[in-house]
Amino acid sequence: PDGKRYNGYGSSDIVISEEKKTKILEAAQVRMGDPVYIVSTENSHAVSLNQEEKNRKKTQIIIARAIKEKENLSMRYGGTLVYLVDLEALTASYTSDFHKLVICDNTGAVIFSTLTEEEQADFSGDRVSEDGYEIMTLGNTKYFLTEIISGEHDWSYYSISSYQQLFGLLSNADRIFIVLF
């Protein structure tokens, strides 16, 4: 309510255009305390981007939530919390050349992907089998795909792992076993 901006632990100064800020705050107010998720590919909120980063679209999720004061049960508007989630930084420790991630919205549109352009062209955002896994060829590589659907916002999270990396050792062990015995 005092109009101040507070930065908490691990935060950095983020610059958001007034237009974007207004949209975020209005969306949070409409939800009346429930979080709102906004997918953004704008780089305008970053403070210091080098030229290469400025030219590349970077997917980020903005999470905003209006909070209310509890003092004397006033439930007076207390402010809006806004979090900017950098998906690349968040998934960097999980993803590699052999383990990739794709997030799709409820229409199948890709929100975030670590696939190469060639692999992305072969990827289908359709739901995988009822078992929750599938074997799929993307580019020239065979992958083991698993899918988890978020109950909160109906997004699909696809964990995509190299089939050879996961099952190659077992396949090679079978061949060795057959040859030896």
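Look up a bit, the structure's there.
Computed from a prediction, not measured in an experiment: that's the story for all the values here.

A. Molecular detail of the nonpolar core. V102, C104, L115, F123, V128, M136, L138, Y143, L145, Y158 and I160 together form the largest nonpolar core, which totals 11 residues. Contributing elements (two or more residues each) for this core: β4 (99–104), β6 (133–138), β7 (141–149) and β8 (156–162). Counting residues in each nonpolar core, the second largest holds 7 residues, with I61, L87, I103 and W155 among its members.

B. Broad picture of a nonpolar patch on the surface. A contiguous nonpolar surface patch, about 220 Å² in accessible area, is contributed by L25, Y77 and V82. Inspection of the secondary structure assignment puts Y77 in strand β3 (residues 77–86). Residue classification places Y77 among the partly exposed residues on the basis of a relative accessible area of 35%.

C. The arrangement of the side chain of S161 in detail. For S161, the location among the structural elements is in strand β8. Among the polar contacts made by the side chain of S161, one reaches the side chain of H99 at a distance of 3.1 Å. Sequence-distant contacts of S161, defined by excluding residues within four places in its chain, comprise F98, H99, K142, Y143, F144 and L166.

Parameters at a glance
Residues numbered from 1 in each chain as written. Predicted model: local features only at pLDDT ≥ 70, side-chain atom pairs only at ≥ 80, totals over all residues. Heavy atoms only, no water. Core = buried A, V, L, I, M, F, W, Y, C linked by side-chain atoms within 4.5 Å. Buried < 20%, exposed > 50% of the residue type's maximum accessible area, 1.4 Å probe, protein only. Helix = DSSP H or I, 4+ residues; strand = E, 2+ residues; numbered from the N terminus. Patch = residues over 30% accessible without salt bridge, like charges linked within 9 Å, V, L, I, M, F, W, Y side chains within 5 Å. Areas by Shrake-Rupley, 256 points an atom, 1.4 Å probe, with all protein chains shown as cover. Salt bridge = Lys/Arg side-chain N within 4 Å of Asp/Glu carboxyl O. Polar contact = N/O pair within 3.5 Å; in protein donor to acceptor, adjacent residues only side chain to side chain. Contact = heavy atoms within 4.5 Å.

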